[in-house]
Amino acid sequence: MKQIAIIGASSGIGLKVAEEFAAMGWHVAAAARRKEPLKQLKERFPDNVVYETIDVTADDAVERFYRLIERNNGIDIVLIASGTGFTNPTLELSKEVTTLNTNVVGFARIASAAYRYFASTRNNAPGRIAAITSVAGTKGIGVAAAYSASKRFQRTYLDALEQLANRRGDNIRFTDIRPGFIRTPLLDPEKDYPLIMSEEYAVPMIVHAILSGKRVATIDWRWRVINALWSTIPTRAWVKMPIGL
Ligand SMILES: NC(=O)c1ccc[n+]([C@@H]2O[C@H](COP(=O)([O-])OP(=O)(O)OC[C@H]3O[C@@H](n4cnc5c(N)ncnc54)[C@H](OP(=O)(O)O)[C@@H]3O)[C@@H](O)[C@H]2O)c1
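Student: Teacher, can you tell me more about the side chain of Thr-84 here?
Tutor: Within the fold, Thr-84 resides in the loop between strand E4 (77-80) and helix H4 (93-120). Residues within four places of Thr-84 in sequence aside, it is in contact with Thr-98, Thr-99, Thr-102, Asn-103, Tyr-147 and Leu-186.

Student: Sorry if this is basic, but what is going on with unusual backbone geometry here?
Tutor: Glycine aside, negative phi is the norm for most residues, and most peptide bonds take the trans geometry. Residue Asp-220 is bonded to the preceding Ile-219 through a cis peptide linkage, with omega at 0°. Here Asp-220 is to be found in the loop between strand E7 (216-219) and helix H7 (221-232). Positioned with a positive phi, Asn-73 is a non-glycine residue whose angle comes to about 60°. Tracing the backbone shows Asn-73 in the loop between helix H3 (61-71) and E4. A positive phi angle, close to 50°, is found at Leu-195, a residue other than glycine. Looking at the secondary structure, you find Leu-195 in the loop between strand E6 (172-179) and helix H6 (199-211).

Student: Is there a simple way to explain a nonpolar patch on the surface in this structure?
Tutor: Where nonpolar side chains cluster on the molecular surface, the patch consists of Tyr-201, Trp-221, Val-225 and Leu-229 and spans about 430 Å² of accessible area. Here the nonpolar patch gets 3 residues from one element, more than from any other, and that element is H7. Within the secondary structure layout, Tyr-201 lies in helix H6.

The rules behind each value
Residues numbered from 1 in each chain as written. Predicted model: local features only at pLDDT ≥ 70, side-chain atom pairs only at ≥ 80, totals over all residues. Heavy atoms only, no water. Helix = DSSP H or I, 4+ residues; strand = E, 2+ residues; numbered from the N terminus. Contact = heavy atoms within 4.5 Å. Patch = residues over 30% accessible without salt bridge, like charges linked within 9 Å, V, L, I, M, F, W, Y side chains within 5 Å. Areas by Shrake-Rupley, 256 points an atom, 1.4 Å probe, with all protein chains shown as cover. Salt bridge = Lys/Arg side-chain N within 4 Å of Asp/Glu carboxyl O.

Here's what the structure looks like:
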């Protein structure tokens, strides 16, 4: 039986991925801050879901994460789907700080804990660290400065862990999933977003990327094209472009 831990499994992409893996018969170790949606997930899949409330910004997050792994009798894959973000053109400080605490500090807390788990407790059996980063990590986006920078951090952190694993001979693989807009509670329900995707459309591609062990998966092909174009734009030109909502 395969085992996956999903952090950020109470809503949006993480919840949907958790449902898909649970429906395939995987053991799913689900975590987020809110207990009620995790409890409901467990009620739908009583035999193969365990859960734990974890706030990735809190000091006890790693202890709780390891407890969750133990209750699941181990894991083969960790998916970090916890995250937050705001359109914040006025650079409201609390939004910037919340985004960085969750997507940078909280992300590193869980990704490094997952690395240590895979490297030290499994006799070098293969492990995978997957994360939902974003196309927003390709360039700095003025109306979402902390968010886009935090997504860049996540990508770089995964690259760094991969280099570390190669250097140390740790049997850990990495999957960086970079979606464009997906209609989830993260987005403003009143707003129109370009090329927005439904969860029903995007999540099967995310699940496929994890199962097939892709290193980088941009969701979907239209965002892959846009993102490839973005990367070719020199920064001096990019900073003059009115990108963002
Ligand atoms: N939706 C999009 O358009 C889109 C596009 C590209 C990338 N992404 C990324 O995809 C990831 C998932 O976002 P989503 O769209 O599915 O949004 P969402 O529905 O708001 O889900 C976010 C998840 O993260 C959890 N979370 C937030 N802060 C947390 C914390 N401090 N500790 C633990 N868990 C926390 C939330 O659970 P609790 O509130 O219960 O803690 C929730 O389960 C994020 O990293 C986001 O940046 C989203």
